[in-house]
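Secondary and tertiary structure notes
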Amino acid sequence: MTTSILETQALTKIYRSGDKTLTVLDNVNVTIQPGDTCAIVGPSGSGKTTLLGLCAGLDRASSGSVFLNGVRLDELTEDQRAEVRNQYVGFIFQSFNLMPSLTALENVMVPLELRGEKNVGKRALALLEKVGLAERKNHYPAQLSGGEQQRVSIARAFSNQPKILFADEPTGNLDEETGSHIEKLIFDLNKEASTTLVMVTHDMELAHKTQRIIQIKGGKIVQERLVNESVSARR
Amino acid sequence: MNYSWLLKMAWRDSRKNRSRLLLFMSSIVLGIAALVAINSFGDNMQQEINSEAKKLLGADLVIESRQPFAPSVIDFFDSLGGEKSEEVSFASMVLFPKNGGTRLVQVRAISGDFPYYGEIEATPQTASTSFRQEQRALVDRTLLLQYKATPGDSVKIGNLTFPIEGSVSKVPGESELTMSVAPPVFIPLSYLEATGLLQKGSRINYKIYFKFPENANVDQLLENTIEPRLTAEEVRYDTVSERKREIGETYENLTGFLNLVAFVALLLGCIGVASSVHIYIKEKVASVAILRCLGGKGNQGLGIYLIQIAAMGLIGSLLGTLLGVLVQFMLPELFSGFLPVDVTITLSWRAIAQGVLVGVIISLLFALLPLLAIRKISPLTALRASFTHEHQSRDYIRMVVIGLIILFVAGFSFLQLEEPEDALFFTGGILLAFLILTGISGLMIWLIRRYFPVGWSYIWRQSLSNLYRPNNQTLVLVITIGLGTALITTLFFVQNLLLEKVALTGRDNQPNMVLFDIQSEQKEAIADITRDFDLPVMQEVPIVTMRLEAIKGKSVNQIKEDTTSHISRWVLNREYRVTYRDSLIDSETLVEGKWQGKVQSPQDSIFISLEDDIAESMGVGIGDQVTFNVQGAIMDTYVGSTRKIDWQRVQTNFLVLFPEGVLERAPKFHVLITRVDSAQVAADYQQAVVQQFPNVSIIDLNLILKTLNDIVSKISFVIRFMAFFSIVTGIVVLIGSVIISKYQRIQESVLLRTIGASRKQILSINALEYFFLGSLAALTGVFIALLGSWGLARFNFETPFSPSFLPILISYLAITLMTIVIGLSNTRSIVNNPPLEVLRKDT
Ligand SMILES: Nc1ncnc2c1ncn2[C@@H]1O[C@H](COP(=O)(O)OP(=O)(O)OP(=O)(O)O)[C@@H](O)[C@H]1O
Ligand SMILES: [Mg+2]
């Protein structure tokens, strides 16, 4: 257990509205080892984003627990979880989520600055260089195309050298060509830094580029398999 | 926390928002400006009063008495050394023989060189001293203008006619206002006797002005030498330091009050700030959520925007201060009628510092209300586009902030008013007004939703429902515009109330002219003149002056020495003007006891009737003994009854009423009350009386009405000037919120246009929406004004309140129209651009 980077135990999320309850995640157990790459797939509304949010400590589970790098997230305060994210977690979102009032470079600098590190400009620029946007460093997100924005967001995700990277449909808002370019970038950088990758996607082709595919439906894991292995029903 | 990083982030994030941030803060600029201007002006005035204190008194010491000083006292004054000047003053009629004009004035007969400090400003200036050498008079400038007299003409005072030496426009220690109430006419003291006016029954003031050598300690001299010697005399002292304190306090009260008016403008502005920041923060939710995803803490997000707002608060306050410094140059002109000194404007660093400090603190406190929500923004928001309302738990820090705001308002008003109850009253009043405005706008919205006119056309329905769409600014606009409207309208109502109250007394067949100081032997002749002019003798009352000798057998002096006694000095010292008759009149109602109208034989006990308040002040009840000194004769009486008096009527009313059969032989004078309808008859009648009986004084109610009108309109001009800041603040908030809601409106209008709405339709929807908004605000404001004025009328002025409809209509129309115009000015730029273009502009 202590060797895994991410582990969920009987993770359950229930939304209440009035007297109705909606079980979005039902008793989910996942274990991911350091350096693994893994895809979460499933139909829309099955709870993928919810699972991702819980794993990253963005939300609190109704029951069950999440261990991130050995730390039990539900025992932490909101600010302590933020600290954990800053130390160990990187994010790539479907809708890029750059801060619109900051330049590309500044967006990449923020995670480092949040750690209290000084003179981060050079490192951030180096990352922008890697995603091929060094010359656009002073542009605001509104001045960049969607693909370019996602590249900045990838640079930002790797800037704090995270142990685990969460990506929620990173290519969902992009055309095929740009999408595959972004995919390549993510996998390349990931390999280089040997980061753990947890990626939500609809794209089975993309999912197959990871080592492991977790399929969920109606809030339950219905299938979990290693890529290039024969399909095996879970339990 | 890493503060330099927060600063850096605040700076970076502000780059694209600066003009908007400034716009938020523009709504506090005027409030700060008013505050700084008033404060600085107040400081300047205090300074002036301090440095010019001697000129306010004109002397080092003034001793004043209601009786002539005894020769032994005069000798004592002589022994004090220094210079002195004597003055005898009283109200009397003067007559301008040139055209027969007559007017009640304050005759001031002086000897010596008063004023020793400052000067009597006269035209020609030499007249201020030269009139003292001969039988000459120095007459109030306005009075001369009114009666078309010029220096060289003459004025008849009592039995003597004085050539007019010059006009006087300023006297040490008096403001334009006090001079217009009692216009002064100076004559040399040596001619007073010959006027024959010293036999008057009415009050005469005797004053001695002293000037001591430069190094003399006046307060010490007064305490160690003068006061012990004069304990037996009924005198009043006025020293420079005392006058300084009195006047200082008066103007401190005035500036305190005006400061509060300015503060209200500031509070309105702050509500505007809170509302703009609220919208601003809504747009920042995504950024904050991303920051939290990346590991930012709740307080870091808050910190970034707190810094931005604080910086803007500082800039707004500085701008306001700058404006205030400029505005204060207008104030001396504005207050000119009220000031006893000329105020020179200098910078008051205290006022400037206070303005900046108050501005930053209060705007931050208000901005904190919406800003605090930042701490609660969930990082999950970054993952899901829609904003989810996470557990809206009770935010205690928010409560603390609200508490701090109330505390700040109470503290500030206490500093200005210096009375805890007044400060509490002010704070409570503000709170109540806010609650009413909030309640009413909430109720209206609720009513609109509840009884939504489903049958109306699309444009009407859309504009109505815009009032309660998410992020609407209905409440804020209703509060700021409504409070502004309430202020102005209340002011108008109260001004009318004051004037009406006076006018009421002069209406119909109510008396409007009072002749007093009539001597017994003149009584019949004056009644005859009155009847000759076809005027009614409505009341004719004898008046006997007396002093209190003892209460319940304890002499006045004993009571004064008794430190446990609660009886106030004015009750013991005052001169009682008493009448006698056999019955009560219609302005009097018996409270307790029985009225006995006649004393049959000199052996019988005398049962008098006291006004119930004075009976309480004397500490006497029915059957208690009260002893009077009737010009030398000691007279024991008993309280037979107490009465309530309706002071509202023009009638001679008396605190002490004697029965018939006691005072008939005492020295007395008479008052006659009549009613004159035409101004010409009034003038002729007064002239006839004064020509024959120059000692008789006449109060013309119409004249008083006119003077009062002047005063009231002067005061209300000052208040209107101050209220102006609130109004304009309301407009600035309106403009601000219109601009801030622009993005929201762009989206709306683009949406509407894509589904086929025409420009005209969109414009109509917006115009109607602002019409509803303006109407709601204006009506609420008028409602509060009506409520407030009714309360004032009922409890403060005790007159019926019947508001006129026209001003209500005018303020309603004006405010509503203004709201529509400002609102539409923004919409035009939206609908005139193609949809795509407006959307592309910053997101
Ligand atoms: N705050 C909320 N309150 C109530 N229900 C919610 C809330 N957030 C999400 N849900 C519901 O939870 C379910 C799972 O949502 P989630 O976003 O995790 O699905 P998803 O698998 O990511 O779908 P997609 O592929 O469309 O992104 C959905 O049915 C959604 O309606
Ligand atoms: Mg999803």
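Here's a quick rundown of the structure. Model, not experiment: these values are computed from the prediction.

Attention now moves to the overall build of chain B. The number of helices and strands found in chain B is 27 helices and 21 strands. Principal axes of the C-alpha set define a box for chain B whose edges measure 105 × 65 × 60 Å. The buried share of chain B, taken over its 843 residues, is 53%. Contacts in chain B between residues far apart in sequence, at least 24 positions, make up 82% of those at least 6 positions apart. Counting only carbon and sulfur atoms, one obtains 59% of the accessible surface of chain B, whose full area is about 37,900 Å².

To continue, consider the sheet that holds strand E10 (residues 220-226) of chain A. Residues and elements named next belong to chain A. Read across the open sheet, the 6 strands follow the order E6-E7-E8-E3-E9-E10; overall the sheet is mixed. Among the strands making up the open sheet, the edge pair consists of strand E6 (89-92) and E10. Ignoring strand direction, the axes of neighbouring strands in this sheet form an average angle of 15°. With 4 bridges joining them, strand E3 (residues 37-41) and strand E8 (residues 196-200) adopt parallel strand pairing. Each residue of the ladder has a partner; that of Ile-40, found in E8, is Val-200. Most of the contacts of helix H2 (residues 78-88) go to E6, to which it runs at about 80°, and overall it touches E6 and strand E7 (164-168).

This part is about a nonpolar patch on the surface. On the surface, a nonpolar cluster with roughly 520 Å² of combined accessible area is contributed by Phe805(B), Leu806(B), Leu809(B), Ile810(B) and Leu813(B). Looking at the element boundaries, Phe805(B) is found in helix H26 (residues 805-831).

Another aspect to go through is the site of ligand 1. Neighbouring ligand 1 are 15 residues, the closest being Ser44(A), Lys48(A), Thr49(A), Thr50(A) and Arg384(B). Ligand 1 is flanked by residues contributed from chains A and B. The backbone of Gly45(A) places a nitrogen or oxygen atom 2.8 Å from an oxygen atom of ligand 1. Thr49(A) is positioned such that a nitrogen or oxygen atom in its side chain is 2.6 Å from an oxygen atom of ligand 1. Elements represented by at least two residues in the shell around ligand 1 include exactly strand E2 (20-32) and helix H1 (48-55) of chain A. At 3 residues, H1(A) tops the list of elements feeding residues into the shell around ligand 1. Residues of the shell around ligand 1, tallied by class, amount to 4 nonpolar, 8 polar and 3 charged.

We now examine empty space enclosed by the protein. Residue and element names in this part refer to chain B. The tally for this structure, following the rule as stated, stands at 8 cavities of 30 Å³ or more. Taken as a whole, the largest cavity encloses approximately 120 Å³ of empty space. In terms of lining residues, the largest cavity is bounded by 16 residues, among which Arg-469, Gln-473, Arg-745, Glu-769 and Leu-773 are the most central. Residue assignment for the lining of the largest cavity shows that the elements contributing at least two residues are helix H17 (474-505), helix H23 (701-740), helix H24 (742-754) and helix H25 (759-797). Counting residues per element, the lining of the largest cavity draws most heavily on H25, which supplies 3 residues.

Quick look at the pattern of salt bridges now. All told, the structure shown has 40 salt bridges over all chains when counted by the stated rule. Notably, a salt bridge pairs Glu113(A) with Lys8(B), separated by 3.6 Å at the nearest N-O pair. Within this pair, whereas Glu113(A) is found in helix H3 (residues 104-114), its partner Lys8(B) is found in helix H1 (residues 3-14), the two belonging to separate chains. The class of Glu113(A) is buried, set by a relative accessible area of 4%. Where Arg108(B) meets Glu174(B), a salt bridge forms, and the shortest distance between an N and an O atom there is 2.9 Å. With Arg108(B) in strand E3 (residues 101-110) and Glu174(B) in the loop between strand E7 (160-170) and helix H7 (176-181), this pair connects stretches of sequence that are 66 residues apart. Taken individually, Arg108(B) and Glu174(B) each receive the classification buried, so the pair is uniform in this respect. Beyond isolated ion pairs, a larger network of salt bridges with shared partners links Glu106(A), Glu113(A), Lys8(B), Arg12(B) and Arg15(B).

Here the focus is the packing of helix H10 (residues 240-293) of chain B against helix H15 (residues 420-450) of chain B. Residues and elements named next belong to chain B. Interaxial distance between H10 and H15 falls to 13 Å at its minimum, and their mutual angle equals 40°. Considering only the axes of H10 and H15, their crossing is right-handed. On H15, the residues touching Leu-260, Phe-263, Val-264, Leu-267 and Ile-271 of H10 are Phe-426, Ile-430 and Phe-434. The residue inventory of the contact of H10 with H15, partitioned by class, reads 8 nonpolar, no polar and no charged.

Our next topic: the interface of chain A and chain B. Listed as interface residues are 31 residues of chain A and, on the opposing side, 26 residues of chain B. Summed over both partners, the interface of chain A with chain B buries about 2,700 Å², with 58% contributed by carbon and sulfur atoms. Linking chain A with chain B are 6 salt bridges, by the criterion used here. Between Arg292(B) and Asp79(A) there is a salt bridge whose closest N-O contact spans 3.1 Å. Connecting chain A to chain B are 14 residue pairs in polar contact (both at pLDDT 80 or more). When residues of the side of chain A that touches chain B are traced back to their parent elements, those giving at least two are H1, H2 and H3 of chain A. When the residues that make up the side of chain A that touches chain B are grouped by side-chain class, the tally is 14 nonpolar, 8 polar and 9 charged.

Calculation rules
- Going along each chain's sequence as written, the residues are numbered from 1 onward.
- All chains are assigned letters beginning at A, and all ligands numbers beginning at 1, according to the order in which they are written.
- At least 70 in pLDDT is required for a residue's local features to be given in this predicted model, at least 80 for side-chain atom pairs to be given and counted, and no such filter applies to totals for whole chains, interfaces and linings, which use all residues.
- In computing side-chain values, all of the structure's heavy atoms are included and hydrogens and water are not.
- Strands here mean DSSP runs of E at least two residues long; helices mean DSSP runs of H or I at least four residues long; both are numbered from the N terminus.
- Note on exposure labels: buried denotes an accessible area under 20% of the residue type's maximum, exposed denotes more than 50%, and partly exposed covers the range between, all computed with a 1.4 Å probe on protein chains only.
- Should any heavy atoms of two residues lie within 4.5 Å, those residues are counted as being in contact.
- Working definition of accessibility: Shrake-Rupley area with a 1.4 Å probe, residue cover restricted to the visible protein chains.
- Note: two strands are recorded as paired if DSSP finds a minimum of 2 bridges between them.
- Axis definition: a line fitted to C-alpha atoms, limited for helices to the stretch in contact. Angles are taken between N-to-C directions and run from 0 to 180 degrees.
- Surface patches are drawn from residues lacking salt bridges whose relative accessible area is over 30%; two like charges belong together within 9 Å, two nonpolar side chains (Val, Leu, Ile, Met, Phe, Trp, Tyr) within 5 Å.
- One side-chain nitrogen of Lys or Arg within 4 Å of one carboxyl oxygen of Asp or Glu is enough to make a salt bridge.
- By convention in these notes, a residue is near a molecule or strand provided one of its non-hydrogen atoms lies within 4 Å of it.
- Contacts described as polar in this section are N or O atom pairs within 3.5 Å, which, within protein, must combine one atom able to donate a hydrogen with one able to accept it, while residues neighboring in sequence count only if both atoms come from side chains.
- Throughout this entry, Asp, Glu, Lys and Arg are counted as charged residues, while Ala, Val, Leu, Ile, Met, Phe, Trp, Tyr, Cys and Pro are counted as nonpolar. The remaining residues, Gly among them, count as polar.
- We place a 1 Å grid over just the protein atoms. Points where a 1.4 Å probe fits but has no way out form a cavity, open points with protein on both sides within 12 Å along at least 5 of 7 lines form a pocket, and any residue with an atom within 4 Å of a point lines it.
- Grid points are joined across faces, edges and corners, and a volume is the space filled by probe spheres set on the points.
- The sense of a crossing depends on the near helix, which, turned anticlockwise from the far helix by less than a right angle, makes the crossing left-handed and, turned clockwise, makes it right-handed.
- Put simply, buried area is how much 1.4 Å-probe accessible surface two parts lose in total, over both of them, once they are put together.

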